[in-house]
Every structure is written in C-alpha cells, then in structure tokens.
Amino acid sequence: MVQNNIILGLLAHVDAGKTTLSEALLFESGAIRSLGRVDHRDTLLDSNSQERARGITIFSKQAAFSLSNRVVTLLDTPGHVDFSSEMERTLSVLDYAVLIVSAADGIQGHTETIWNLLARHRIPTFIFVNKMDQPGTNREKLLSSLKARLSSSVIDMETPDAEEIALLDEDLLTGFLETGEVSEDCYPELIRSRKMFPVFFGSALRREGVDRLMQALDSLTICRDYPEEFGAICYKITHDDAGKRLTHMKITGGTLRGRQVIEMQKDEEILSEKVDQIRSYFGDRFTALTEAPAGTVVTVTGLSGTLPGQTLGSATECFPPLLEPVLTYRLALPKNVDATAFLPKIKLLEEEDPELSVHYEPLLREIQVRLMGVVQTEILKERIRERFDIDVSFEQGSIVYKETIRNTVEGVGHFEPLRHYAEVHLLLSPLPAGSGIEITADCPEDTLAKNWQRLILTHIGERRHRGVLTGAPLTDVRITLVSGKAHPKHTEGGDFRQATYRAVRHALMQADSVLLEPYYRFRLSVPTESVGRAMTDLDRMGATFQLSEAGSEDYHSTTADHSSNSDFSLITGLCPVSRFANYHTEVASYTKGRGTLSMVLDSFRECTQSEDIILQKGYDPTVDLRHTPDSVFCSHGSGFVVPWDEVPNYMHLPSELLLRQNRLSLGEIDASLFRGRRNDYLSGNGTLADDSCVGLDNTSENAPLSERIDIALGTDDIDRILHSATHSNSHSDPQKEKRLARRDDGPKTIYKGTEHAQNLGVSYLLVDGYNVIHAWHELEELAKTNLDAARGKLLDTLCNFQPMEGSELIVVFDAYRLQGHATEYLDYHNIHVVYTKTAETADRYIEHFAHEHGRKYRVRVVTSDGMEQIIIRGAGCIVTSSREFEQEVSRMEQHIRDDLL
C-alpha cells in the first residue's frame, strides 16, 4: 500500500541553524502561527528547559506539516556531537533527510560523520546551505567544497546543469547525447536512488530559499510502498510527565490499532503485550489515534519490552549503532544514596539512551556510565536532578578502550555438572578495523542440531564480551561456530549459554590480543606563524597529519571562505583521544583566538601505550569469575572445574582448527588431535597464524567433518591411534583404579605397539550399533521417536561398560546411504565410534576388521545377524548376540552399583 506521506529528518552540525529551519518550514506551511527563535527560547521543538537554556537540540522531536502533494512528518535531531547517538537512532525511520551546512563555518568534521551515516542507511538527501546572509560567504567556493568533501553528485538546483545531471546516469547520458536535454521528470528517481543530491542556498532566519526547498520536497520525493503485514521499527524510548513508558516507532507495514497485541523478543523469551494508546506528537502536544497506517511515526504506551533499534512484526533488521561514547565516568552519589538503590533509576535513563552503557561494579559498589563528552555529563546531571531529585557528580572521565586479536584461535567451552551437558567449539578470527563483532556458523547439522546452533549464536550475540588484557569490550572479531555437542537427555538451553561464554574466553586466553584506543579525525586551521607550534604539539601527541598550505586547491576545497585565508594553513590528521584532551584551550591561547579546531571520532586503533595501560588496569582474567575461561567436566556424578589451559586434555570433540589446517586422513591423525593433549593441541599457544589459516569460505571446508576426512584403517593405524588415545584424557581416580585392580582380565598398561599386543592381551570389542538398538527393547522404543537419542543413550551405556570390560570398544554405525560419505572415526569419551562410508554397511566393515585382526588380537563382536556370526567365527573371533550382550551389560551395571554401595 502507498501512503501519501514521507518521514523527513533535519540533520546538521551544532549551530548550523537546524532548529531555525524547522521553525521556518512549519511557519511557511501554516503548521504554526508564530515563528519562534532559538535566541528567544520559544521554538516549538526545542521545548526542554535545558535545550532552551543552552540553545541546542538535545532530544529528537516530532512535528508535521502539509504540502500540496505530501504530508511531511518532521523529525528534528540533535546537532551537538555529544548527542550523536540520539541522532543516529532516528536515521532508521527516515525516508528523506535535509542536511544543513552553515555557510559561515563550512563543512565540519561532524558534517562528514552525518554524511557517512546517511550513506550507510541509504537515505536520499537534500542539502540546505544556511546563513548565506552573513558577510563573507561565497556560493561558488561552498559548492566546490560540497562536491569535494561530500559528493561530486551535488547539484545546485537554482541553476541545474543538464550535462552535469546527465553524467549521473548512463541512460540519461544516452538520451542527452541524442536530444541535448534532460527531463525534470527523472529528478525524483535520481534523488531516491542517491545518484543526485540537490543543494539549496538561503537563510532560515530570513526565510530565504526555504520556499524552494519546500517545493522540492513536494515535487521531487517519492512515497514508499509498504507491505500489508504489520511491521514497526522502534527508534526511541522516553517517559512522559506521568511516568508512562513511551515507545516511539515507525509503522513499516500494515496498520497498528489500539488494543492490538504485539509480539516481541526480549532476551530468550517471546513477549506478547497490548498497545494501550497510540499518540501522534506535535512538539510536546499529542493527539490520540485509533489506528496508525504504514509510513507514519507514532508513540505507543503499554509496551514494556521494546528497545531502541528493535524491529516488530515484518520489519527488517536495523543497522547497529556506529557512534559510541569514548569516555567512562564514575557516578558519584550523595552519601545518603545507596548505589544499588539508585541503579534501577539510572537504568531507566539507559533505556532512553542505550549508549550510556550503565555498569555496576558490585565489589566497589559503584556505577559507571559511558558518555561522549563534558556537555553530556552536565545534561545528564540536570536530568537526574529533575527526574529523581538527586544531585550527582561525575569523576574525571577515563578513555574507553577496546580489544581485538591478531590471529585465528579455537576456543572450547564445556559445561557438564551433574545432569547437564554442553560443549561448544568456536573459531575467533580478526576483522578489519571498524567491523565490530561478526557472528557466523560453519557447523554441519549432523554434528549439532540446528536448534542448538541457533541457541549458541544467540548466546554469542547477547553478551558484550570482554578482552583478557584489560577487560575492555571485544571488537573487530568474527566468531564462528564450528562444532558442538549436546546430550540427548541432559542438555538444557542454559548449558549452552555457559559453554558458549567459556569458549569465547578460552579462545581469547590463547589469542595474540591487541589493545585499541579511540582516535579523533581532526582539522586544525591556524595562522601561518603558528604552524610550527601546532606541528610540534601534534607530533608530541602521537598524531599523524598533513599540512595544506594557504591558497592550495585542497585548502580551499576543505574550508569555509574567510577574508584572511591567505594567512592561514590547514592541518588534518588522526590523533589518540587520550592525548587530545583540552587541546582546544591551547589552540585558542597560542593563536590568540584566531585558530579553529574541529574533531570527530574516527575509529579505534592500536594503543600506543598498551603496556602502561595494561599495567595500570591490573586486570586478571583468571579471577574474573563472571567471565571465566575455565570449563566444568563431570566424573562419577559430580562436576569439577578444569583450568582453561588444561581443557584440551578433557574436551570430548576434536580440534576443528587443526582439522582445517592439516586436512589429514584419520590414518595420519594422532590421537592427540581427538583427546587434545595440551602440547600437541596448542602447537604454539593453540593458535593458527592468519597467513596459514585455511579460509573458512572454502567449499571443501564447509562440508561436514565426515566428508573432510578420508579414513584408511590398517593394522598399524589402529595400533598407533589406540596407543596414543587410550586414556589420554583421563585424570587420576584412586577409587576407579582400585575397582579395576580387582579384575584379572583388564589391561594394566598402555599398549606400546603391534609387536607387544599379543603378550599384553590386547582385546577389541566391536558393537554393531543399529543391530543392538533394534534388539534392546528400551532403545528400540526410543528410536521410534528419536534415533539420535537412542544412539546417544547406547553410547553412554557403553562408556560406563567399557572400564569394567577392559577392551578397546568400537561402535560401528551404518552411513552407507549418505552420498559422498567417507568413513568417519571419532572418540566418544572412552570409546571409539565409526560411521561407515558410502556403499559400506556396518556388517561389511566388521567382517573386514575381523579378517584383518581376528588372528592377531582378541576380538569380540556383538551382533545378532546370523550370517555375520558365521563369517566372524570363521575369522577366529568371538561372537555375542545383542540380547546376550544386553544381559551382560545389565549384570555389569548391577555389579557397579553394588561396588559403589
């Protein structure tokens, strides 16, 4: 359905005249009767007392006005850099934007930041160059600067050049070459597709050029087509004067009606909540609506589970926020206010501005918040005083650091207290700067079911993971799920949460971690005589920079026009935030007020003083119990903690990293690959350098483990594998050793090779897995509903049986119907599991094994297949039927219970 309205956002750097332009648009359209002014403190949209006192926009506000062909919902956003997160959240609901540039100040660093955000969100943009009434402004130089620093597709709409517009599109260029003309009918599509950016010059205060901008909004915009199914994007949370929680949202599909029930996800739960009231705001006033069609921005009460950036119904996911605070402040409370009692109050403000990132440190009993700068701290103090009647202060802010890694590592998390089970293997690999956290899965469903995989990915994304150098947030890392294991009876959702968290930390403990610090991108304009001082300061602060001399083309394309340009030089570059504090004051001092400095957060880069910062923080990841790298394993009915550096000795699944690195056949894989002896597993801190890491996108590596390993089981292979693997991950258990000592037929040493096997009485027990499952009544009933569960229960039963029986136990399952399946050999706790290759049955595999090894070792086979029994006996092996074996296992289990009692 097509609605005849557009959502328009006004965006600008501070003091560009954005609020003045919004007043002019509303007044010229007849939406308001009197024209407010910022200096008179009577504008419609800057109605907050702090906004009027400071003359800046702090909170985004909504209004609406009508044109001949359009109804425009206007969203006025903050221009000050300290409130950039409020502006960025609004972008997710815009159809079009007007970027305001001050003719007096030119393009500022924050202007470029806004422009990049608009490009990221693919928002069609009009440009309005304001304050053209001020002395010294130069239209041609400003237009040149816009083309040089924003886009060459900026078109002056007062005197549009047909040839210049034709060059924006190949089809238009073809038509222009034939006719020499470009029709204005193509303008709306060029603007909508961001191939053309119309620019208008004027003065919002004098209302010059505003009418041309309004005409363009009326005739050059295209209304969107929305789906019939309900959808919405939440972009803001506030509370009204009565304390009601307000959810500001754009309807992106269908119609929202009063009392409608909306489903939303909060943590792992799906909430169903009913809309109490639908409001349409105009400044601080609102009108109650019975319904809201697609394409409208409304405010809803009654929803407690919504969050900024959340999507509802059919709405597509929003971009995650790009701008974030770089300073951490400790919140100092009055002596009579307890931090734990105040925490829920500050959490309400965090709901409204998630970038506050409120953190409570229970050991220190203190609250920490993350802020963009000094102005935001002052505003937040006033908000707390007005909202909660508490006077707070903020201690000196410290830099927000982050951490990343240089190499690819595998992390293993195991969580197995009594009646719980989960194991997770994750690959962590570095990403380019600014990428954030990327979460992917490269795990076959026959290794781990899809529902468990989705749960693990959810757990990875739900937590802000800490690095291990200073405990700073992790960034620029791809986390890939490569393997995992669940128990058919004992695994619960919370088990995988614990295993996932531990896997991430385990990987980071092995990684080559890097401490990152925030960098400003700065522009410093100083008189020529002050260039030497400025360059000395910048070099001392560790900045990288370049100088543009006065009169150069680069200088004029990147600065506003001044009458004294010939006396100034421009320095641009990057500098650590930690070194740039209060440099504004120094610039004003040594240039006698003539120099100007603008800066904007650019990115996080490697810290230049990492050793000092790490020492200063004194963070020890091994004692951070809320982010532990250790795992929990189970032995004889009780769980025990295994330190992170010993986890490879106990893990139940093979190392995926080594499998991908080496591409070895099972005949070449030492059992340390499966049992994870630490020295073999780590191979140099358990890492794999990027230049040697096999790419995760390679088709062959995306195949299941069973398809990547070609297995050739000869006598020597079996000897070597069993020699290396036997009890390699077991830990000392005196009671178990005492029980085994009672048995005369159990092996007493680790076998050293084929030549000693007969003397030591080496024995093998081969079990035809599916034959046993269908012969045992309990397993057969379970298999009717879940074959995987039946298979898992059999393996668990045989794990308990093997220590008392004493043989090397191998369970064989048919996989002959799977196309392209190679023989797969895995370790499951203390037993071995074989899945046959394509076109090979379990019977055939067992017969082959019997003929190869029946005369050399003591081999017993469990099967009820009559023909197979004859063949196996002829090979010199012992045969036990599946039902006889069931009775033997039952007797053994009873013997174990009696022994324990």
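Look up a bit, the structure's there.
The notes below deal with the structure included here. (Residues numbered from 1 in each chain as written. Predicted model: local features only at pLDDT ≥ 70, side-chain atom pairs only at ≥ 80, totals over all residues. Heavy atoms only, no water.)

### Quick word on the overall build of the protein
The helix and strand tally for the protein stands at 31 helices and 40 strands. At a minimum sequence separation of 6, the contacts of the protein that also span at least 24 residues come to 72%. Accessible area for the protein stands at about 39,800 Å²; split by element, carbon and sulfur atoms hold 48% of it. (Helix = DSSP H or I, 4+ residues; strand = E, 2+ residues; numbered from the N terminus. Contact = heavy atoms within 4.5 Å. Areas by Shrake-Rupley, 256 points an atom, 1.4 Å probe, with all protein chains shown as cover.)

### Here we look at the pattern of salt bridges
In total, this model carries 46 salt bridges according to the counting rule given. With a shortest N-O distance of 3.0 Å, Arg206 and Asp133 are connected by a salt bridge. With Arg206 in the loop between β7 (197-201) and α9 (210-219) and Asp133 in the loop between β5 (125-130) and α5 (139-149), this residue pair connects regions lying 73 residues apart in the sequence. A relative accessible area of 33% places Asp133 in the partly exposed class. Arg245 is paired through a salt bridge with Glu351; the nearest N and O atoms lie 3.2 Å apart. (Salt bridge = Lys/Arg side-chain N within 4 Å of Asp/Glu carboxyl O. Buried < 20%, exposed > 50% of the residue type's maximum accessible area, 1.4 Å probe, protein only.)

### Considerations on the nonpolar core
With 49 residues, the main nonpolar core has Ile367, Ile384, Phe522, Leu524, Phe580 and Tyr583 as its most contacted residues. For this core, the element with the highest residue contribution is strand β28 (residues 513-527), accounting for 7 residues. Core analysis: the second largest hydrophobic core is formed by 45 residues, Ala24, Val72, Ile155 and Tyr187 among them. (Core = buried A, V, L, I, M, F, W, Y, C linked by side-chain atoms within 4.5 Å.)

### Some words on the packing of aromatic side chains
As enumerated under the stated definition, the model contains 18 aromatic pairs in all. Measuring from ring centre to ring centre gives 6.2 Å for Phe342 and Phe388, while their planes differ by 85 degrees; the resulting arrangement is edge-to-face. Here the residue Phe342 occupies a position in helix α10 (residues 339-352), and Phe388 occupies one in helix α11 (residues 374-388), the gap between them amounting to 46 residues. By relative accessible area, which is 1% here, Phe342 ends up buried. Accessibility expressed as a relative area gives 16% for Phe388, which makes it buried. Taken together, the ring pairs connect Tyr520, Phe522, Phe580, Tyr583 and Tyr590 into an aromatic cluster. In this structure, Arg194 is placed above the aromatic ring of Trp115, and the distance from its NZ or CZ to the ring centre is 5.9 Å. (Phe/Tyr/Trp six-rings, centres within 6.5 Å; stacked < 30°, edge-to-face > 60°. Lys NZ or Arg CZ within 6 Å of the ring centre and 35° of its normal.)

### Notes on the pairing of strand β32 (residues 631-635)
Among the 5 residues in β32, 4 count as buried, and that is most of the element. Inspection of the sheet shows β32 paired to strand β33 (residues 638-642) by 5 bridges, in the antiparallel sense. Paired with Ser631 across the strands is Val642, a residue of β33. Counting the residues in the hairpin turn of β32 and β33 gives 2 residues, including His636, whose phi is positive at 55 degrees. (Pairing = 2+ DSSP bridges.)

### Thoughts on the sheet that holds strand β16 (residues 297-301)
With antiparallel pairing, the 6 strands of this open sheet are ordered in space as β14-β13-β16-β9-β8-β17. Both edges of this open sheet fall to β14 (285-289) and β17 (311-313), since each of them pairs with a single strand only. Adjacent strand axes in the sheet meet at a mean angle of 40 degrees when their direction is disregarded. One ladder, built from 3 bridges, connects strand β13 (residues 277-282) with β16; its direction is antiparallel. Within β16, the position partnered with Arg279 by the bridge is Thr299. (Axes fitted to C-alpha atoms, helices over the stretch in contact; angles between N-to-C directions.)

### Overview of the environment of Phe200
For Phe200, the position within the fold is in strand β7. Of the residues examined, Phe200 reaches a relative accessible area of 6% and is grouped as buried. Each residue touching Phe200, except ones within four places of it in the same chain, is listed here: Phe126, Ile127, Phe128, Val129, Met157, Arg212, Leu213 and Ala216.

### Considering the sheet that holds strand β37 (residues 824-828)
Each strand in a sheet pairs with another by means of backbone hydrogen bonds, the pair being arranged parallel or else antiparallel. The 6 strands are arranged β37-β38-β36-β35-β39-β40 in an open sheet whose pairing can be described as mixed. The open sheet has two edge strands, β37 and β40 (878-880), and neither has a second partner. Across this sheet, the average inter-strand angle for adjacent strands is 20 degrees, counted without regard to direction. With 3 bridges connecting them, strand β39 (residues 858-862) and β40 associate as parallel partners. By the bridge assignment for β40, Val861 is matched with Val879. Against the sheet, helix α28 (residues 787-805) touches β35 (763-768), β36 (808-813), β37, β38 (831-835) and β39, its axis set at about 160 degrees to β36.

### Points about the pairing of strand β24 (residues 408-415)
Most of β24 sits inside the fold, with 8 of its 8 residues counted as buried. Along β24, one buried face is formed by Thr408, Glu410, Val412 and His414 and the opposite face, lined by Val409, Gly411, Gly413 and Phe415, is buried too. The turn linking β24 back onto strand β25 (residues 422-430) is made up of 6 residues, and Arg419 within it adopts a positive phi angle of 65 degrees.

### What to know about the packing of helix α27 (residues 777-785) against α28
What describes two packed helices is the angle between their axes and the distance between those same axes. Two elements in contact, α27 and α28, have axes separated by 6 Å at closest approach and are oriented at 150 degrees. Residues Glu778, Leu779, Leu782, Ala783 and Thr785 of α27 pack against Leu787, Ala789, Ala790, Lys793 and Leu794 of α28. Each residue belonging to the contact of α27 with α28 can be placed in one class, and the counts come to 7 nonpolar, 1 polar and 2 charged. (Nonpolar A, V, L, I, M, F, W, Y, C, P; charged D, E, K, R; others polar.)

### A short note on the side chain of Glu416
Along the chain, the position of Glu416 falls in the loop between β24 and β25. No salt bridge is formed by the buried Glu416. Its closest oppositely charged neighbour is Lys485, at 8.4 Å. Beyond its immediate chain neighbours, meaning those up to four positions away, Glu416 contacts Tyr421, Val632, Phe633, Cys634, Gly639 and His652. (Lys, Arg positive; Asp, Glu negative; His and termini not counted.)

### Section: helix α29 (residues 842-853)
Along its 12 residues, α29 runs 16 Å from first to last C-alpha, staying within 8% of the 16 Å computed at 1.5 Å per residue. Here α29 has its buried residues at Ala842, Tyr845, Ile846, Phe849, Ala850 and His853. Summarising the axial view, the buried residues of α29 lie within an arc of 135 degrees, below the 170-degree limit, and thus occupy one face. In this structure, α29 carries Arg844 and His851 as exposed residues pointing more than 90 degrees from its buried face. (Expected span 1.5 Å × (residues − 1). Arc of directions from axis to C-beta.)

### Remarks on helix α30 (residues 866-874)
Since one α-helical turn is 3.6 residues long, residues separated by three or four positions face the same way. Within the span of α30, buried status applies to Glu868, Gln869 and Ile872. Along the axis of α30, the buried positions cluster into a sector of 105 degrees, meaning they face one direction only. Exposed side of α30, more than 90 degrees from the buried face: Met867, Ile870 and Gly874 are the residues found there. Gly876 occupies a position one or two residues after α30 and carries a positive phi of about 85 degrees.

### Thoughts on unusual backbone geometry
Phi angles above zero are rare outside glycine, and Asp15 is one such case at about 65 degrees. With respect to the helices and strands, the residue Asp15 is situated in the loop between β1 (5-12) and α1 (18-28). For Arg122, which is not glycine, the phi torsion reads 55 degrees and is therefore positive. Examined against the element boundaries, Arg122 turns out to sit in the loop between α4 (109-120) and β5.

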